[in-house]
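The primary structure of each chain is shown beneath.
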Amino acid sequence: MQPESSAIRVSKKSSFLYIVAGISALGGLLFGYDTGVISGALLFIKNDFHLTTFLQEIVVSFLLIGAVIGATLGGIPADRIGRRATIIMSAILFIVGAIGTALAPNVAWLLVGRIVVGIAVGVASFVTPLYISEVSPPQIRGALVSLNQLAITVGIVVSYLVDYALAGIEGWRWMLGLAAVPAAILAVGMWFMPNSPRWLVSYNRTFQARIVLQRIRGTEDVDQEIQDIHESLVEKHSKNWSELLNPSIRPALIVGVGLAAFQQLTGINTVIYYAPTIFQMAGFKSAGVSILATVGVGIVNVLMTLVAIWLIDRVGRRALLLYGIIGMVIGLGTLGLAFQLSALAGALGWIAAGSLMLYIGSFAVSLGPVFWLLVSEIYPLRVRGLGMSAASMVNWGTNLVVALTFLTLIDIVGRPGTFWLYAFVGIGAWIFTYFVVPETKGRTLEDIEADFYGTGKPNPLN
Ligand code: BGC
């Protein structure tokens with residue numbers, strides 16, 4: 001049986017859709033750049049402002065605190081003023097934060113700037129995939145939304161390279177300030193992009209929604225899609241958070257919040273933020289080699305995200321998650337083992353590097369892109385902004401917890417124990433996926449909504 005979403009037509013010539021996805025994915029680039037850039041910049045900020053270890057941790061974690069705030073508050077404008085306007089708002093915050101931190105005369109100023117950048121990251125992290133998901137036709141929605149994850153990974157590598165290039169002149173102000181350039185392109189670019197057609201219909205602006213759909217689908221024939229969106233809107237917009245606890249929304253909430261926590265509690269950002277430290281622990285004594293190995297990790301992250309983009313609409317979200325998480329668990333398990341067996345001493349560095357590559361590559365085809373994609377798909381339209389906001393808030397909150405506890409955990413349970421703990425959480429993530437995560441490949445957002453809430457035709461892909 002064919003998924004009925006194949007009824008949605010997309011003209012092969014509709015390059016406009018790719019422009020829309022490409023411009024908005026700059027939000028992902030900024031997410032990656034701003035989270036990655038601090039590792040290199042901190043070395044020089046520390047000297048200029050005479051920061052203690054504690055203050056360094058505060059400088060790093062203030063972005064994450066800002067992101068929790070942004071993710072929490074961003075759902076309201078996303079639903080009220082729209083996805084496009086909210087992305088423009090976040091781009092302005094990115095510009096203010098980048099310039100503000102670059103000019104910071106003291107630590108207090110820097111910390112305020114970090115919070116502002118963090119709020120922008122928190123908002124962009126979920127409104128970008130939400131917007132792309134709502135403009136995409138179902139057949140390629142997975143690939144288009146995952147462009148955002150690709151942009152995150154590219155942003156991380158670019159930030160490592162910028163740090164490396166500017167290290168010679170100790171240019172931390174440039175490292176932080178350069179983010180204003182893509183942010184300005186995002187603000188101006190989004191100005192020319194259309195509103196999400198689904199958001200427009202939800203505010204009874206069907207006429208405009210039809211024009212947008214005709215433009216992004218490259219065909220006049222959009223009646224069926226408009227009608228499907230209308231039918232999914234049996235109830236009006238939700239105004240408050242309590243709606244998310246409604247029993248009918250709960251299954252989606254559990255999937256979103258669960259995947260959000262598993263994405264972080266399996267330790268991804270210990271690698272993104274501390275890779276050079278892990279390589280040094282494993283015996284790569286030179287800082288240069290460790291940084292080079294870290295760039296290697298970043299590149300594997302980008303390349304495997306490309307593989308995910310190729311596979312995600314072919315094999316589906318569940319298959320990627322189930323196979324990828326197994327790779328992550330094996331990577332973490334061998335990393336722990338390498339640290340445990342001191343007999344491996346000489347080979348330790350190489351085994352650690354191999355395990356980290358396996359781990360990051362497996363994350364990049366699974367929990368990395370699939371989490372952000374699924375949360376853009378599973379909530380009903382009337383609470384989509386709030387639902388994504390809740391999942392993102394948990395994602396940034398657990399990110400903060402892992403970042404703050406990683407080095408302490410190593411002190412308490414040791415290196416093998418720490419990585420095995422993440423591996424153990426990974427096993428939980430696999431079981432969770434197996435039992436509760438739905439397949440959404442090839443379905444329209446309206447069909448997914450109907451599946452979840454029991455009113456639709458059965459999912460032919462289940
Ligand atoms: C995660 C980030 C992570 C990045 C790494 C994203 O999906 O949300 O926390 O740093 O992937 O590529």
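A. Region of the structure containing the packing of helix α8 (residues 141–166) against helix α19 (residues 367–377). One way to put it is that α8 packs onto α19 with a least axis distance of 9 Å and a crossing angle of 120 degrees. Taken together, α8 and α19 sit at an angle that is classed as oblique. Two packed elements cross with a definite hand, and for α8 against α19 that hand is right-handed. Together, Arg141, Gly142, Val145, Ser146 and Gln149 of α8 and Gly368, Pro369, Trp372, Leu373, Ser376 and Glu377 of α19 make up the contact between the two elements. Its residues placed into classes, the contact of α8 with α19 shows four nonpolar, five polar and two charged.

B. Summary view of the packing of helix α16 (residues 287–311) against helix α18 (residues 345–365). At a minimum axis distance of 7 Å, the contact between α16 and α18 shows a crossing angle of 30 degrees. As α16 runs across α18, the sense of the crossing is right-handed. Of the residues in α18, those in contact with Ala293, Gly296, Val297, Val300, Asn301, Met304, Thr305, Val307 and Ala308 of α16 are Met357, Ile360, Gly361, Ala364 and Val365. Grouping the amino acids of the contact of α16 with α18 by side-chain chemistry returns 10 nonpolar, four polar and no charged.

C. Local environment of the environment of tyrosine 422. Within the secondary structure, tyrosine 422 is located in helix α20 (residues 384–436). Looking at tyrosine 422, the relative accessible area reads 3%, which means it is buried. In this structure, tyrosine 422 is in contact with Leu265, Thr266, Gly267, Thr270, Leu332, Val402, Phe406 and Leu409, ignoring residues within four places of it in sequence.

The rules we used
Residues numbered from 1 in each chain as written. Predicted model: local features only at pLDDT ≥ 70, side-chain atom pairs only at ≥ 80, totals over all residues. Heavy atoms only, no water. Axes fitted to C-alpha atoms, helices over the stretch in contact; angles between N-to-C directions. Helix = DSSP H or I, 4+ residues; strand = E, 2+ residues; numbered from the N terminus. Parallel < 35°, antiparallel > 145°, perpendicular 65-115°, else oblique. Left-handed = near helix turned anticlockwise from the far one by under 90°. Contact = heavy atoms within 4.5 Å. Nonpolar A, V, L, I, M, F, W, Y, C, P; charged D, E, K, R; others polar. Buried < 20%, exposed > 50% of the residue type's maximum accessible area, 1.4 Å probe, protein only.

Function cannot be inferred from these measures alone, as they are strictly geometric.
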